[in-house]
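Structural features, examined
Single-letter residue listing:
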Amino acid sequence: METIVDNKIAIDEARRTAQYENVKGQAEAGVNQQILSQTQQVTPQEAAPIEQFSQNLKQQAVENLAATEQEVARGRVLARVSQVVITCFM
């Protein structure tokens, strides 16, 4: 039973890590592409809002990644508690 729980935890962590890396890569690629395309045609009046948008997008990506890391950590703790409970009552 413990092995099944460990396998489920490992699979879940691998999935979350893959999603985390995917989201991170997409956010970085999107920001980089937008910055590149907009810097080629930006007027001085447009520069400040674009920079603010870019900063907001980066901040949201960081917050989402932090939330994902917290979820993974909580999942690990709950899995360990579950293992202890299973071990104690078997």
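As a reminder, the structure under discussion sits directly above these lines.
Residues numbered from 1 in each chain as written. Predicted model: local features only at pLDDT ≥ 70, side-chain atom pairs only at ≥ 80, totals over all residues. Heavy atoms only, no water.

Concerning the overall build of the protein
If you tally the helices and strands in the protein, you get 2 helices and 0 strands. Since a compact globule built from 90 residues should have a radius of gyration of about 12 Å, the 20 Å found for the protein marks it as more spread out than a globular shape. Based on the C-alpha atoms only, the size of the protein along its principal axes is roughly 70 × 15 × 5 Å. Per-residue burial for the protein yields a buried fraction of 12% across its 90 residues. Restricting the contact set of the protein to residue pairs at least 6 apart, pairs at least 24 apart contribute 80%. Roughly 6900 Å² of accessible area belongs to the protein as shown, and the carbon and sulfur atoms make up 58% of that amount. (Helix = DSSP H or I, 4+ residues; strand = E, 2+ residues; numbered from the N terminus. Rg over C-alpha atoms; globule rule 2.2 N^0.38 Å. Buried < 20%, exposed > 50% of the residue type's maximum accessible area, 1.4 Å probe, protein only. Contact = heavy atoms within 4.5 Å. Areas by Shrake-Rupley, 256 points an atom, 1.4 Å probe, with all protein chains shown as cover.)

A word on the environment of Arg-76
Relative to the helices and strands, Arg-76 is located in helix α2 (residues 44-88). Taking the C-alpha atoms as reference points, Arg-76 and Ala-47, 29 residues apart in sequence, are found 44 Å from one another.

Some thoughts on the environment of Ile-35
In this structure, Ile-35 sits in helix α1 (residues 2-39). It is 22 Å that separates the C-alpha atoms of Ile-35 and Tyr-20, two residues lying 15 residues apart in sequence.

Here we look at a nonpolar patch on the surface
On the surface, Val-77, Val-81, Val-85 and Phe-89 cluster together to form a nonpolar patch covering roughly 410 Å² of accessible area. Mapped onto the fold, Val-85 is located in helix α2. Taking relative accessible area as the criterion, Val-85 reaches 41% and is therefore assigned partly exposed. (Patch = residues over 30% accessible without salt bridge, like charges linked within 9 Å, V, L, I, M, F, W, Y side chains within 5 Å. Salt bridge = Lys/Arg side-chain N within 4 Å of Asp/Glu carboxyl O.)

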